[in-house]
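What the coordinates show
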Amino acid sequence: MSHKGKRMPSIRPILAVLSALVLTLAACDRGEAPPAQDRAEAPTATPATSSAGTVLMLAQRDPDLTTLVSAIQTAGMEETLNGAGPFTVFAPNNAAFEKIPAARRDALTAPEARADLRRLLTYHVIPARLEAAALIQRIQAGGGSLVLTTMQGGTLTARTDAAGSITLTDGAGEVARVVEADMIASNGVIHAVDTVAEPQ
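Residues numbered from 1 in each chain as written. Predicted model: local features only at pLDDT ≥ 70, side-chain atom pairs only at ≥ 80, totals over all residues. Heavy atoms only, no water.

Attention shifts here to the overall build of the chain. For the chain, the helix and strand inventory stands at eight helices and seven strands. Expressed as a percentage of its 200 residues, the buried residues of the chain come to 35%. At a minimum sequence separation of 6, the contacts of the chain that also span at least 24 residues come to 61%. Accessible area for the chain stands at about 12100 Å²; split by element, carbon and sulfur atoms hold 56% of it. (Helix = DSSP H or I, 4+ residues; strand = E, 2+ residues; numbered from the N terminus. Buried < 20%, exposed > 50% of the residue type's maximum accessible area, 1.4 Å probe, protein only. Contact = heavy atoms within 4.5 Å. Areas by Shrake-Rupley, 256 points an atom, 1.4 Å probe, with all protein chains shown as cover.)

A few words on the pattern of salt bridges. All told, the structure shown has three salt bridges when counted by the stated rule. Ionic pairing is found between R104 and E198, a salt bridge with its closest N-O pair at 3.0 Å. A residue pair is termed long-range when its members are at least 10 positions apart, and R104 in helix α6 (residues 102–108) and E198 in the segment after β7 (188–193) qualify at 94 residues. Accessibility expressed as a relative area gives 22% for E198, which makes it partly exposed. When the shortest N-O distance is used, the salt bridge between R177 and D194 registers 4.0 Å. Residue R177 is located in strand β6 (residues 175–185), and its partner D194 is located in the segment after β7; the two are separated by 17 residues in the primary sequence. A residue is classified by how much of its surface remains accessible, and R177, at 35% relative accessible area, is partly exposed. (Salt bridge = Lys/Arg side-chain N within 4 Å of Asp/Glu carboxyl O.)

So, about the pairing of strand β1 (residues 87–92). Along any regular strand the residues' side chains alternate between the sheet's two faces. Counting buried residues in β1 gives six out of six residues, a clear majority hidden from the surface. Here β1 shows no split at all, with F87, V89 and A91 on one side and T88, F90 and P92 on the other all buried. Sheet topology places β1 next to strand β2 (residues 125–126); two bridges connect them, and they run antiparallel. Within β2, the position partnered with V89 by the bridge is V125. (Pairing = 2+ DSSP bridges.)

As a further point, take the pairing of β6. Where strand β5 (residues 166–169) lies against β6, three bridges are found, and the strand directions are antiparallel. Following the sheet pairing, T167 is matched in β6 by R177. Two successive antiparallel strands, β5 and β6, enclose a turn made up of five residues, where G173 displays a positive phi of approximately 90 degrees.

As a further point, take the side chain of H191. Looking at the secondary structure, you find H191 in strand β7. The class for H191 is buried, based on a relative accessible area of 0%.

Moving on, we come to the nonpolar core. The biggest cluster of nonpolar side chains holds 28 residues, and the ones touching the most others in it are V55, I72, L81, V89, L121 and I190. Elements represented by at least two residues in this core include exactly α2 (55–60), α3 (66–75), β1, α5 (94–98), α7 (114–122), β6 and β7. A per-element tally of this core places α3 first, with five residues. Those residues in contact with V55 that lie beyond four places of it in its chain are L81, F87, V89, A185, N187, G188, V189 and I190. The next biggest cluster of nonpolar side chains, apart from the first, holds 17 residues, and it includes F90, L156, V178 and A197. (Core = buried A, V, L, I, M, F, W, Y, C linked by side-chain atoms within 4.5 Å.)

Here it is as structure tokens:
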């Protein structure tokens with residue numbers, strides 16, 4: 001019988017497929033992964049994010065909050081800020097403390113002034129968790145301002161400025177601005193501010 005006009009299928013592609021299949025099966029038997037071209041890339045797993053730690057632990061890792069951390073330790077507030085919370089800490093940065101005259105800074109860190117220092121620091125702590133978006137929402141709902149009662153017992157008035165930044169007006173009428181918001185901790189949140197607030 002003549003096969004003219006019909007081409008016999010080439011056996012080479014079939015052999016190539018069979019060879020690849022044999023190699024793959026052999027690799028599986030040895031516990032190896034199949035060749036790279038025969039498998040899809042697996043997505044890279046994202047490692048679980050560990051807890052950031054408490055507000056104090058977070059502050060201790062921030063090079064812009066070293067003066068505040070030292071003041072917290074001098075005032076004996078470590079246990080409080082490592083507690084369950086929740087806390088919102090308006091944390092004066094190092095530059096904020098530099099605005100205070102040196103004589104007053106020295107007086108606040110003297111052993112006999114511990115109660116005054118603690119009063120000053122607790123004036124920067126709100127016993128609630130207030131992230132920036134929630135603060136802005138409540139400021140807007142309040143007609144442009146929000147009165148916050150601090151752990152010290154005094155109040156801070158939160159507003160937003162023309163640039164959209166959160167500001168705090170203290171008992172003396174001085175205004176501090178949030179320069180870094182939403183440093184999230186396990187027991188609350190820190191917002192760095194550029195001025196030390198003073199209770200009345």
